[in-house]
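# Observations on the model geometry
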Amino acid sequence: MSSRFTDINESFVCVQCGEAVLPSHKSCRNHCPHCLHSVHLDVYPGDRSADCGGLMKPIEIVYHSKKGYQVVHQCERCNALSKNILDFDDPLQPDSLEAAMDIFRRKG
């Protein structure tokens, strides 16, 4: 996971749960705040250059001292891993604490 970053913050419909996802208020949202799933679109964050397109399943929640809580995704098609910052404080559409806790429980 590199420090390269392309700023793309747009709305989308989650392919896993069908919920409408709004742009984040302070960063770039690339996962569903309801179910925490994503789609394998990027090689580097926001670049949209991955050819895979597989469903990125949330498999773990980790804590980074500078970035806070992150969801670890694994692609169901190619097994690629990525980490994405969780935003439980987004005023319009916060990431689901309940979904994150479900991942903690599965892992533990």
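Everything below is about the structure shown above.
Residues numbered from 1 in each chain as written. Predicted model: local features only at pLDDT ≥ 70, side-chain atom pairs only at ≥ 80, totals over all residues. Heavy atoms only, no water.

Assigned secondary structure in the protein consists of 1 helix and 6 strands. Listing every helix and strand of the protein by position from the N terminus yields β-β-β-β-β-β-α. Every one of the 108 residues in the protein was classed for burial, and the buried ones make up 36%. A separation threshold of at least 6 residues defines the contact pool for the protein, and within that pool the share at least 24 residues apart is 36%. (Helix = DSSP H or I, 4+ residues; strand = E, 2+ residues; numbered from the N terminus. Buried < 20%, exposed > 50% of the residue type's maximum accessible area, 1.4 Å probe, protein only. Contact = heavy atoms within 4.5 Å.)

Moving on, we get to the pairing of strand β5 (residues 68-75). Counting buried positions along β5 gives 6 out of 8 residues, so the element sits mostly inside the fold. With 8 bridges joining them, strand β4 (residues 55-64) and β5 adopt antiparallel strand pairing. Bridge pairing links Met56 to Cys75 in β5. When β5 meets strand β6 (residues 81-85), the two strands line up antiparallel, connected through 5 bridges. In the sheet register, Val72 faces β6, and the bridge partner there is Lys83. In this structure, the hairpin formed by β5 and β6 is closed by a connection of 5 residues, where Asn79 is found at a positive phi of approximately 70°. (Pairing = 2+ DSSP bridges.)

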